[in-house]
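So the chains spell out like this:
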Amino acid sequence: MSDPNGSTGSSGQGEVTARVRPAAGAFPVTASMAEAPPGPAVPQLGVLIGGGPAPAEAVGRPEERAPVRVAARPLRIGRGTSLVVLPSWRPAIAVSVPTDQLLSATGLGFEQLAGARLTVLMNPAALHDRELELHGWECVPAVRGRRGGRP
């Protein structure tokens, strides 16, 4: 059974196919794509799951976007690699950073690094940790609280 648009019901073998009238030079699209003519394979597109609350800026090319300084929270300090969270980028993702890079950039000792407040320059349009382009690590000095009674 077929309608004027070329849609069909069941193929009689337990498979439901839906045909759409193809454009000139195109082939019909079916649910199983079993009838697609042989040709070059078209790669599947990926889907970004769990993007940030605000979309990345779409203005300009990535190489034209200026890096921004953001807070970085050390999560685990290891002898070779450390895990750091960038709360303003993805608060639930820890990024691997060579510990030697953190030590040389901040001037801190290994024991001091665990409790340090850090900032770093990053690519604000990064969708993946490989695109972050982390550089310019700095240690933020601890803010001392005021003593009671003194202004």
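It should be noted that the structure appears before, not after, this text.
Procedures and definitions
Residue indices follow the written sequence of each chain, beginning from 1 at its first position. pLDDT decides what is reported in this predicted model: residues at 70 or higher carry local features, side-chain atom pairs at 80 or more are listed and counted, and totals for whole chains, interfaces and linings draw on all residues regardless. Note that water and hydrogens are dropped before the side-chain values are worked out from all heavy atoms of the structure. Pairs of strands are assigned from DSSP output, requiring at least two bridges between the strands. Numbering of helices and strands runs from the N terminus; a helix is a DSSP stretch of H or I covering at least four residues, while a strand is a stretch of E covering at least two. As a rule, the C-alpha atoms of each element are fitted with a line to give its axis, helices using only the stretch in contact, and angles between N-to-C directions run from 0 to 180 degrees. Any two residues whose heavy atoms approach within 4.5 Å at even a single point are treated as in contact.

Colleague: When you look at the sheet that holds strand S3 (residues 94-98) in this model, what are you seeing that I'm missing?
Modeller: For sheets, the rule is that strands pair by backbone hydrogen bonds, running either parallel or antiparallel. One open sheet holds the five strands; their spatial order is S3-S2-S1-S4-S5, and the pairing between them is antiparallel. On the outer flanks of this sheet lie S3 and strand S5 (135-140), each paired with one strand and no other. Sheet twist, expressed as the average angle between the axes of neighbouring strands with direction ignored, equals 40 degrees. Strand direction decides the pairing type here: strand S2 (residues 81-85) and S3, joined by five bridges, are antiparallel. The residue of S3 that forms the bridge with Ser82 is Val97. Sheet contacts for helix H1 (residues 99-106): S2, S3, strand S4 (117-122) and S5; angle to S3, the most-contacted strand, approximately 70 degrees.

Colleague: Can you walk me through the pairing of S2 in this structure?
Modeller: Across a regular strand the side chains alternate sides, sitting on one face of the sheet and then on the other. Note that strand S1 (residues 68-76) and S2 share three bridges and pair antiparallel. Of the residues in S2, the one forming a bridge with Arg76 is Leu83.

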